[in-house]
Amino acid sequence: MRYFVYLRPKIESTLKKLIYIFLLIAAMSSCAEKKRDTLAKVDDERYQWESIRKHIMENPELAFAMVDTAQTLGVADINYANWMRAQIHLVSHDPKDTEKGKEYCLMVLNNEDPAPDSLQRVKTLQLLVGISMNDSNTYQDAIAYAMEGAKIAHEHNWNGEEANFYFNAGLTMENVQTGSGKEYLDRSLEMFRASKNINAMPLFASHLGAVARLAINAGDYVRGAELTKERLAVTERIEREHPSAPKGYIDQQKAYIYSLLAFCQYKEGDKAGARRSAEAFEQTKAGKHPDHMRDIFNYYIISGDSERIQEIYDILEPYYREKNDTISNVYADLLKSYAIGLDNMGRGHDAYQAMERYTTLADSLVQRERCSETLALAQQMKTQEKEIQLKEKETEARFHWIIIICLVAMLIIGTIALWRIIAAQNRLQEKNRQLYDTVHQMMQHEAKEQEKVLSESTSSSQQLYGKLCELMREQKPYTDSDLNRETLAQMLGTNYNAIAAAIREFADGITIGDFLDDWRIRHAASLLRDSDEPVGIVAEMSGFRSRSHFNTLFRDKFKLTPSEYSRVAKEKK
């Protein structure tokens, strides 16, 4: 007890130290866990699309590497990762990269482990629609992807996505046939009109402009003006309700809208309204830039404002020269518009010269386009040629593999067949050896039985049978194929009936002929065992006239053919 009292302070001190150490470790573990969570959160944010997309323009390889890391860490599943890879490929606008991006999109749609959710499918279909809309060969694919996306968006009440899919479907159909996509375009615009989401308005404004251009190209300037005015109203709403709109966006939008509106109003006969729209254009900052001056130029051409036509041309012509853009469709359109404007101003000679320049440039552009198409066709043919050669090599390699596989299969089958034949042959040989031993024992047994009969000769029949067997052993008359019962009876000094009776009594009831054949077969067996004579000679030496008859009797008696018997006999030597 005293010893415990003495140790108690030391025990309590030790326990306190252990508790302190435990608490310290727990606190450190908690801090480490929080730090890991924080780092994990940072890593998760780093490998999300919003972070990765910052690198795709300057360093796409880094963007691809970040996607791979995101997939490895589990931040992105396979579908999300492939969607990001598709986005990176599509940024370059290179045909090969575009095709690769399409492949990744199709991987997402076709994946089943795991299957993409509805949002992933919609985002992927948006990419596929954008890809397919840019190629006339894939317009039908674009329409199909858009309709599938619209269906999914409608099921989840994603009105903005649904409206956008309908718009892209309608716009693509218009590219195929004018007027065929009007229903979907109108449906898209109605859905945007019903939306109260201010974030959807910039896209709505863009779609209004696209439909307005389609109407103008079709000569429907009234509808073009209506849609352009609606676009102006939407832009003013964005200006009021969307303070985070990019700087200069509203001004640029208004400059483009006013230039298009002035053109439409003048075409529909509202010249005063067209003039007001042109003045509004001139009040924008963007209207001072050459790129936007080109938009209002068409209005001044048709309205015949000679002073403004000349001013804008004098700004645009050197501007395009500085940009080295004088051999392009844009510069050609400028010359054509300027020629029309000069003609409207009554400057026929200048208009003729401008039109001559336009015609020469247009012919050059056509020629260049043809050369470009020829080069593209030649490149396509080379590519197809390489693909054909590659396919031929693949087919040849596949054919060689098929031949190799067939040869290997035949070798295996042949080996198995040979093994089975050898195994069967071995079994047959073993069976023949056993039969040979049985035959040898049987012949020895028969010889003993005959000796027993001879040693016990008491009756006249038994004595006659003994003489017959002794005659057979010593003189071998059976080797004469002409031997018959009468000759045999003369040799024994008796009649053949007595001989037949003795054979029946002491040789299991067989006939004289069977008795002689039995001695012949045993004689043949001894010849086959002790000599190298062929089977045919042995049969003849044994008294058989027919080899086939000899073979039949030999096999019936010994269950072996003469050849098999001879082969086993030689092995036994």
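Above this text you will find the structure in question.
Residues numbered from 1 in each chain as written. Predicted model: local features only at pLDDT ≥ 70, side-chain atom pairs only at ≥ 80, totals over all residues. Heavy atoms only, no water.

Counting 64 residues, the largest nonpolar core has Trp49, Ile52, Met84, Phe165, Met201, Phe204 and Val234 as the members making the most contacts within it. Examining the composition of this core, we find that eight residues originate from one element, helix α10 (residues 201-217), more than from any other. Contact partners of Trp49, with chain neighbours within four places excluded, come to Ile56, Tyr80, Trp83, Met84, Gln87 and Ile88. Within the second largest apolar cluster, 33 residues are counted, among which are Leu232, Ala262, Tyr331 and Leu342. (Core = buried A, V, L, I, M, F, W, Y, C linked by side-chain atoms within 4.5 Å. Buried < 20%, exposed > 50% of the residue type's maximum accessible area, 1.4 Å probe, protein only. Helix = DSSP H or I, 4+ residues; strand = E, 2+ residues; numbered from the N terminus. Contact = heavy atoms within 4.5 Å.)

What follows covers helix α3 (residues 60-73). End to end, α3 covers 20 Å across 14 residues, agreeing with the expected 20 Å (1.5 Å per residue, within 8%). For α3, the full list of buried residues reads Ala63, Met66, Val67 and Ala70. For α3, the arc enclosing every buried residue in end-on projection is 105°, short of the 170-degree limit, so these residues lie on one face. Facing away from the buried side of α3 by over 90 degrees, the exposed positions are Glu61 and Thr72. (Expected span 1.5 Å × (residues − 1). Arc of directions from axis to C-beta.)

What follows is about a nonpolar patch on the surface. Together, Trp401, Ile404, Ile405, Val408, Ile412, Ile416 and Trp419 give the surface a local cluster of nonpolar side chains, amounting to about 770 Å² of exposed area. The residue Trp419 is located in helix α17 (residues 348-455) in this model. (Patch = residues over 30% accessible without salt bridge, like charges linked within 9 Å, V, L, I, M, F, W, Y side chains within 5 Å. Areas by Shrake-Rupley, 256 points an atom, 1.4 Å probe, with all protein chains shown as cover. Salt bridge = Lys/Arg side-chain N within 4 Å of Asp/Glu carboxyl O.)

Aromatic rings in a pair are described by how distant their centres are and how their planes are angled relative to each other. Here the structure, examined in full by the defined rule, presents 15 aromatic pairs. Counting every residue linked through ring pairs, the aromatic cluster contains Tyr465, Tyr478, Phe506, Phe515 and Trp519. Note that Lys123 overlies the ring of Trp83, its terminal NZ or CZ placed 5.4 Å from the centroid. (Phe/Tyr/Trp six-rings, centres within 6.5 Å; stacked < 30°, edge-to-face > 60°. Lys NZ or Arg CZ within 6 Å of the ring centre and 35° of its normal.)

As a further point, take unusual backbone geometry. When glycine is set aside, most residues are seen to have a negative phi, and most peptide bonds are trans. That bond from Asp113 to Pro114 is cis: its omega, 0°, falls within 30 degrees of zero. Examined against the element boundaries, Pro114 turns out to sit in the loop between α5 (95-110) and α6 (118-133). One non-glycine residue with positive phi stands out, namely Asp508, at about 60°. Within the secondary structure layout, Asp508 lies in the loop between α20 (496-506) and α21 (512-530). For Asp508, a relative accessible area of 78% translates into the label exposed. Phi angles above zero are rare outside glycine, and Lys559 is one such case at about 65°. Within the fold, Lys559 resides in the loop between α23 (547-558) and α24 (562-572). Given a relative accessible area of 52%, Lys559 falls into the exposed group.

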